[in-house]
Amino acid sequence: MNPEHLLTCLLLVPLMGTFIIGLSPEKSARAIAIALGIVMVIVTAMIGSHFNAASLGMQLVEKVTWITSPFPVEYHVGIDGLSFCLVALTTIVTLMAILASNTIGDNRPRLYYSMVMLLTTSILGVFISLDLLQFFILWELELIPMYFLIAIWGGPRRDYAAMKFLIYTFLGGIFMLASLLYLYFQTGQVGAMQQPTFDMLQLAQTSPGLPAQVQLLGCIGFMLAFLIKLPSFPLHTWLPDAHVEAPTPISMILAGLLLKMGSYGLVRICMGFFPDFIAQFGVFIMALGAFNVVWAAIACLVQDDMKRIIAYSSVSHMGFVLMGIASLSAAALSGAIFQMVSHGIISALLFFLVGCVYERCHTRKLSEIGGGLAKQMPFLFYFWMLAALANLGLPALSGFVAEATVFYGSFTSPLATLSQHPDFVKGCLIFACTGVILTAGYMLWLLKRLFYGPEQPKWAGHLTDARPMEIFVASVLAIGTIWLGVYPMALTKNYAGIADKMAADTAAHLTKSLGSNPSDSDM
Amino acid sequence: MLENSGVLFSTAPMIVLAPFLVGAIIILFARFNKTLSMALSVGAVTYGFFHSLLLLNALRQEPHLGPWQTNIDWFVSSSFKLSMGVLVDNLAAVMLIVVCTVSLLVQIYTHGYMREDPGYSRFYAYLSLFTGSMLGLVVSTNLFEMYFFWELVGVCSYFLIGFWWFKPTAAAACLKAFVINRIGDFGFLVGILMFLGATSGFWQGHSILTFVDPQSSFDLTNAIKWAAEHGTLTTASLSVIAIIMFMGPMAKSAQAPLHVWLPDAMEGPTPISALIHAATMVAAGVYLVARAYPIWLTVDGSTQSVALAVVAWVGGFTAFMAATIALSQNDIKRALAWSTVSQLGYMFVGLGVGAYASGMFHLFNHAFFKAMLFLCSGAVIHGLHGEQDMRQMGGLFKKMPITAWCFLIGTISISGVPGFSGFFSKDAIIDKAMHFNIGPLAGLIGPLMLFTAFLTAFYMFRMFFMTFTGEYRGKAHPHESPLAMTAPLMVLAVPSILSGYLGVNPQALLGALSGHAQALPDVFTAFLHQSFLYMGAEPEFEVPNLLGMGISTVVAFSGIALAFMVYTRGLGINTWVKQTLPQVYQFSLNKWYFDELYMGVLQKIILPVYTAVWTLVDKVLIDGVVDGTSIATVGTGEVLKYTENGRGQSYAMVIFACVAGLALIFYFFPRG
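Residues numbered from 1 in each chain as written. Chains lettered and ligands numbered in written order. Predicted model: local features only at pLDDT ≥ 70, side-chain atom pairs only at ≥ 80, totals over all residues. Heavy atoms only, no water.

(A) View of the overall build of chain B. Helix and strand counts for chain B stand at 29 helices and 2 strands. Each principal axis of the C-alpha distribution contributes one length, and for chain B these read about 130 × 65 × 60 Å. Here chain B holds 672 residues, and 58% of them are scored as buried. Of the contacts made within chain B by residues no fewer than 6 positions apart, 78% connect residues no fewer than 24 positions apart. As displayed, chain B has an accessible area near 25600 Å², and 69% of this comes from carbon and sulfur atoms. (Helix = DSSP H or I, 4+ residues; strand = E, 2+ residues; numbered from the N terminus. Buried < 20%, exposed > 50% of the residue type's maximum accessible area, 1.4 Å probe, protein only. Contact = heavy atoms within 4.5 Å. Areas by Shrake-Rupley, 256 points an atom, 1.4 Å probe, with all protein chains shown as cover.)

See below:
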């Protein structure tokens, strides 16, 4: 096959799957979904074999123009190292989520798996789109399956959670659309390029040259949309509700993949298109990231619902992405990208394990579980331990790589040395460092309240340990986090050049803005 | 010889990798076979032991071979490069020997101690993983790598303290240990970041934070020199960095106020207490300070720094505090744990007053005799079927003679009786502490250490007398342990007596005794100094201070004598203190109320405040706004829906109302 069609192929598998499963008998829905999941992984592997990690540019690009007037509508896909890592993450986590759906999917399986496929189409599409309009459409497409997946298969408060998710995300979408249109018309006025465009490659070239005011207006809508998706304080309260109500496999996708759409957008669009904005407001973004890390960790400490703890810990960990982006350091940006993949694996594993315990105990309340589960679930205990340690950033597991490089990179970054408030930035970082204490506190306390202590009489005898399928899913994700933690270069080599270049380009805007108007000190 | 040593060094990474590999194999494949698990685990550390001995020997014979190191890139970006590697120099070689020896003997002992336990194989897997992590820490080439393994040994400690997860006390203890260590790691991390921030311009693509590198000169000493020249680092700011970074060693090596986890860590099986919480991991803090000593010095490499004074005072205070607590503890393992805290304090005093060789020497000696003491206590507990309260012991000398003799040797050694290993290193530290002169109260630290030595002798012999002499007070049937347990004790007894002679030159000692005092090099200091060459080409050997030794001896013997009087001859000082000074007794028994203070702050202040703030911000404010918008939306919709309900009457009604309203307006406000 011509390698240029590989990405289209990848996108078509889940899209066709949506319809195939929708039309197939209820009994075979799960089998087809698993088969399609495996096909997606295979196609990703083929993409990987054609992918050149050393190249900085877009690869496997495919572009079809549909209409050009009154505005251009195109199908345009391609990947670079950043997208490739996320695409690989998506296909693996999706397959794991499909495998983990064996109980929840028994309820109307045809609709369920078809919605999962549509969701996957949307996520993959966001990561490989090179046309902004197409990016936006696929971004918004995710709302429909996600809403139904929560509202139909969710917990007791599913209506509230699904609506809250919908409103938050839709609000972000509106802001993004406004900025997108604004950007489109503004690019038409740049001298070098008369024709306004949605082409993300062209925009990455031209929009950094736009005046700072234009960049501000252009970026703010995207920024809001991505911050909601990330999510970041104070736009984060949809996440705990959505997670608590969503069924286990959907939580895996939600935390593992959907949040990465936000962080991906931040890097690809906010940083790639609007370096002046990032350079100008880097201090605020850094402070916001640091605050996220600590605030969400504090929130974790006071929860009684184990799923809510994992949900808030996602907010905490995505704060590192914000910090890595704001710092303008190559190492920290590299760490931020690493965090996307690492958190994708770890949070999927954690939500899966939460689901395993919930399925057996029928409660997520730690006070009701009361500890001592290790007696009957030794295997799950080991996986839990590994996942918890990965989440608290233990070395040799992937979470540590991201945290360490974001901290090391940010502390020596242009923002912490050249900007006008270096001490404030360093203060934010040290504040974020307290997260290492809080994270250890809530994760291990969670572990203690679940597994340690004497066996509770109410659980004696009727809890089972992990089944083979569960061991398989947990092992795949666990191997992922160990592998990346021991040898992070396996991942970073794919995008190190991109991170270096983006950080350097953005940092150049910071030094330029400092050099041109040193009196402008309101930053 | 040179060619051989080339292979010897280039295969050094195997020392670290072998236990990791074995740990993984046991977890994945061998956990169902007890003998295989044990054989693999013991095999890996035996290999490490002999390889380390060969390395030590090579470095002894050809000092130019060290420091030898190899690195691989672990993370590369245009900002900096992080590396993982293996560094073999004299300091590391000494630590390798300590870790491998104790680990090997503890693993043999474990076979006897844990053979009935259903978690036997799991225990060996953890032991192997710990040994690998600890060896990795020892051979780290840079601060980043040390932090990496620093956390790994911490998590192994967490696993092993919580090994019996069904015990609520163990569950609480492992959580406490990890979180307190994380508080220390926070300081360690911030210290590294601040140091890196000050020296980031220096490394230029070389792997950052390298400890030593005589070839390329991209190491800590030169980084500090560079930063001082470029104005990014002053002696004051370097001291601030060092003091913040010292939080790491404070937690890991259980120094006040982060010491509270170590006594609770005794909830783990006893072999672990000997290996991790007495001999090796808790010494990692001391090792870090010694390894990264330039950070604790002034920018021009002098020991007259505030940071070192802080190290000395933290160590001194902890040594004293822990000794006062050990006086009243009744749990045999906890009393030993407090003595460990106290002895670690001595090591920090040694490093803090500039006597790095003495501090490391005490670490070296202490590792052997304290591991032995813990293993003896394990044998006692084993023989008494789980009894740990010394009030239920007594008279065990006849029942378990080997254990009793070994315990006695360890007790004598730690008490500082001349001729045994603890005497030499502890006396050297006290001697240097007497000359400490930084800060206003510098003169106090020496006498404080001397007084602590008196307390040490007293509480250690209190333990010995309570456990082994007199009449048996318990109800169990004490018996001596199997050979797998007693053999490691007997092996450890040898260094507990003899290792002290490495740190003293017999000729100098004899010379001083015969009136010809002279400074002669001793084996340990001369060897170790090869890793501290930035302090000067030659170490300062001192003339044996006979007066100081004499005082130390008198102090030790008076402590022993007092313990003898109180615990075998019924001199009622202990009951007198209990009755007339109950506050003092309770203060010691309750460990200076640190736990109560911390738990009170956590449960009465931190968690309630967190709960309140979180509820206010996330639930009330943010969700209030979110839900408020939806209520507003629904409300608006409720009102507006009446505008388009499709009923003719309604529309007619609205039209009528509008016309009537307009008519009224025109009626009341006529035009013109």
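(B) How the structure looks around the overall build of chain A. For chain A, the count of helices and strands is 22 helices and 2 strands. For 523 residues, the compact-globule estimate of 2.2 N^0.38 gives 24 Å, and chain A sits close to it at 22 Å. The C-alpha extent of chain A, read off along each of the three principal axes, is 75 × 55 × 40 Å. Buried positions account for 67% of the 523 residues belonging to chain A. Taking all contacts inside chain A whose residues are at least 6 apart in sequence as the whole, residues at least 24 apart take part in 82%. When the accessible surface of chain A is split by element, carbon and sulfur atoms take 69% of a total near 16200 Å². (Rg over C-alpha atoms; globule rule 2.2 N^0.38 Å.)

(C) Representation of the packing of helix 2 (residues 13-30) of chain B against helix 5 (residues 120-138) of chain B within the structure. Residue and element names in this part refer to chain B. Running from N to C, helix 2 and helix 5 cross one another at 160°; their axes reach a closest spacing of 8 Å. One finds that helix 2 runs roughly antiparallel with respect to helix 5. Helix 5 is crossed by helix 2, and the crossing has left-handed handedness. In this structure, helix 2 uses I15, V16, P19, F20, V22, G23, I26, I27 and A30 to contact helix 5, whose residues at the interface are S121, Y124, A125, S128, L129, T131, G132, S133, L135 and G136. Residue composition of the contact of helix 2 with helix 5, by class: 12 nonpolar, 7 polar and no charged. (Axes fitted to C-alpha atoms, helices over the stretch in contact; angles between N-to-C directions. Parallel < 35°, antiparallel > 145°, perpendicular 65-115°, else oblique. Left-handed = near helix turned anticlockwise from the far one by under 90°. Nonpolar A, V, L, I, M, F, W, Y, C, P; charged D, E, K, R; others polar.)

(D) Structural detail: the nonpolar core. With 429 residues, the main nonpolar core has A:L132, A:W384, A:F407, A:Y408, B:F195, B:I295 and B:W296 as its most contacted residues. Tallying contributions element by element places helix 14 (residues 330-361) of chain A first for this core, with 20 residues. Once you skip the residues sitting within four places of it in the chain, A:F407 turns out to touch A:F320, A:M323, A:L429, A:A432, A:C433, A:V436, B:L189 and B:L193. Counting 18 residues, the second-largest nonpolar core is a separate cluster that includes B:A312, B:V349, B:I430 and B:L450. (Core = buried A, V, L, I, M, F, W, Y, C linked by side-chain atoms within 4.5 Å.)

(E) Main features of the pattern of salt bridges. The full count for this structure, using the stated rule, is 25 salt bridges over all chains. Its salt-bridge partner being A:E470, residue A:R467 comes within 3.1 Å of it at the nearest N-O pair. Judged by relative accessible area, which is 32%, A:R467 ranks as partly exposed. Shared partners join several salt bridges into a network, and the residues in it are B:K167, B:K176, B:D264, B:E267, B:R334, B:K591 and B:D595. (Salt bridge = Lys/Arg side-chain N within 4 Å of Asp/Glu carboxyl O.)

(F) Spatial organisation of the environment of A:I369. Residues and elements named next belong to chain A. Position of I369 relative to the elements: it lies in helix 15 (residues 366-369). Accessibility expressed as a relative area gives 0% for I369, which makes it buried. Note: C-alpha distance between I369 and P414 (45 residues apart in sequence) is 48 Å. Among residues more than four places away in sequence, those in contact with I369 are M306, V357, C361, T363, R449, L450, Q456, K458 and W459.

(G) Seen up close, the confidence of the model for chain B. Of the residues in chain B, 99% have a pLDDT of 70 or more, and the chain-wide mean is 89. Taken over the whole predicted complex, pTM reads 0.92, whereas the ipTM for its chain interfaces reads 0.92. (pLDDT = per-residue confidence, 0-100.)

(H) Structural view of helix 3 (residues 34-61) of chain B. The end-to-end C-alpha distance of helix 3 of chain B is 41 Å, a good match for the 40 Å that 28 residues give at a rise of 1.5 Å each. One side-chain oxygen of the residue at the start of helix 3 of chain B lies 3.2 Å from the amide nitrogen of B:T35, identifying that residue as B:N33. (Expected span 1.5 Å × (residues − 1). Polar contact = N/O pair within 3.5 Å; in protein donor to acceptor, adjacent residues only side chain to side chain.)

(I) Up close: the side chain of A:T439. Inspection of the secondary structure assignment puts A:T439 in helix 20 (residues 435-451). Leaving out residues up to four positions away in the same chain, A:T439 has contacts with A:H317, A:N391 and A:L392.

(J) Quick look at the packing of aromatic side chains. This model, assessed by the stated rule, comprises 81 aromatic pairs over all chains. Judged by centre distance (5.6 Å) and plane angle (80°), the ring pair of B:F397 and B:W405 falls under edge-to-face. On the basis of relative accessibility, which here comes to 25%, the residue B:F397 falls in the partly exposed class. By the ring-pair criterion, three or more aromatic residues cluster together here, those being A:F381, A:Y382, A:W384, A:F451, A:Y452, B:F123, B:Y126, B:Y158, B:F159, B:F163, B:W164 and B:F178. (Phe/Tyr/Trp six-rings, centres within 6.5 Å; stacked < 30°, edge-to-face > 60°.)

(K) Examining helix 9 (residues 235-245) of chain B more closely. Residues and elements named next belong to chain B. Taken together, the buried positions of helix 9 are occupied by L238, S239, I241, A242 and M245. Around the axis of helix 9, the buried residues are gathered within 160° of arc, so they sit on the same side. Against the buried residues of helix 9 lie helix 6 (143-161), helix 7 (168-199), helix 8 (220-229), helix 10 (247-252), helix 14 (293-296) and helix 15 (306-326). (Arc of directions from axis to C-beta.)

(L) The arrangement of the side chain of B:N142 in detail. Residues and elements named next belong to chain B. Here N142 shows up in the loop between helix 5 and helix 6. At 3.1 Å, the side chain of N142 and the backbone nitrogen of F144 are in polar contact. Excluding residues that lie within four positions of it along the chain, N142 makes contacts with N71, S83, I208, L209, T210 and F211.

(M) Representation of the interface of chain A and chain B. Each partner contributes residues to the interface: chain A has 64 residues there, and chain B has 55 residues. When chain A packs against chain B, the two sides together hide about 5100 Å² of surface, and 77% of this comes from carbon and sulfur. Our count for the chain A to chain B interface comes out at 1 salt bridge. Linking A:K164 and B:D623 is a salt bridge whose minimum nitrogen-to-oxygen distance equals 2.9 Å. In this assembly, chain A and chain B are joined by 16 residue pairs in polar contact (both at pLDDT 80 or more). The element contributing the most residues to the side of chain A that touches chain B is helix 20 of chain A, with 10 residues. (Buried area = accessible area lost by both parts, 1.4 Å probe.)

(N) Focus on the environment of B:A256. Residues and elements named next belong to chain B. Residue position: A256 is located in the loop between helix 10 and helix 11 (261-264). Measuring from C-alpha to C-alpha, the distance between A256 and M114 comes to 33 Å, with 142 residues separating the pair along the chain. Not counting residues up to four positions away in its chain, the partners in contact with A256 are M250, V314, F317, T318 and M321.

(O) Focus on the pairing of strand 2 (residues 73-79) of chain A. Residue and element names in this part refer to chain A. Most of strand 2 is tucked away, with 6 of its 7 residues classed as buried. The sheet contact formed by strand 1 (residues 59-67) and strand 2 spans 6 bridges and is antiparallel. Across the sheet, residue I67 finds its bridge partner in strand 2, namely V73. Where strand 1 folds back onto strand 2 in an antiparallel hairpin, the turn is made up of 5 residues. (Pairing = 2+ DSSP bridges.)

(P) Summary view of unusual backbone geometry. Following A:L230, the chain continues into A:P231 via a peptide bond in cis, with omega recorded as -15°. Counting through the fold element by element, A:P231 comes out in the loop between helix 9 (212-229) and helix 10 (238-245). Of note, the bond from A:F233 into A:P234 is cis; its omega dihedral lies within 30 degrees of zero at 0°. For A:P234, the position within the fold is in the loop between helix 9 and helix 10. Phi is positive for B:H385, which is not a glycine, with a value near 60°. On the secondary structure map, B:H385 appears in the loop between helix 17 (356-383) and helix 18 (396-399). Of note, B:Y593 is a non-glycine position whose phi angle comes to about 60°, a positive value. Tracing the chain through its elements places B:Y593 in the loop between helix 27 (582-589) and helix 28 (594-640). Residue B:Y593 is classed as partly exposed on the basis of its relative accessible area, which comes to 35%.

(Q) Structural detail: the confidence of the model for chain A. In this model, chain A carries a mean pLDDT of 88, and residues with pLDDT of at least 70 account for 97%. For residues 517-523 of chain A, every residue scores under 50 in pLDDT, and the model assigns this stretch 11 contacts once sequence neighbours within four places are set aside.

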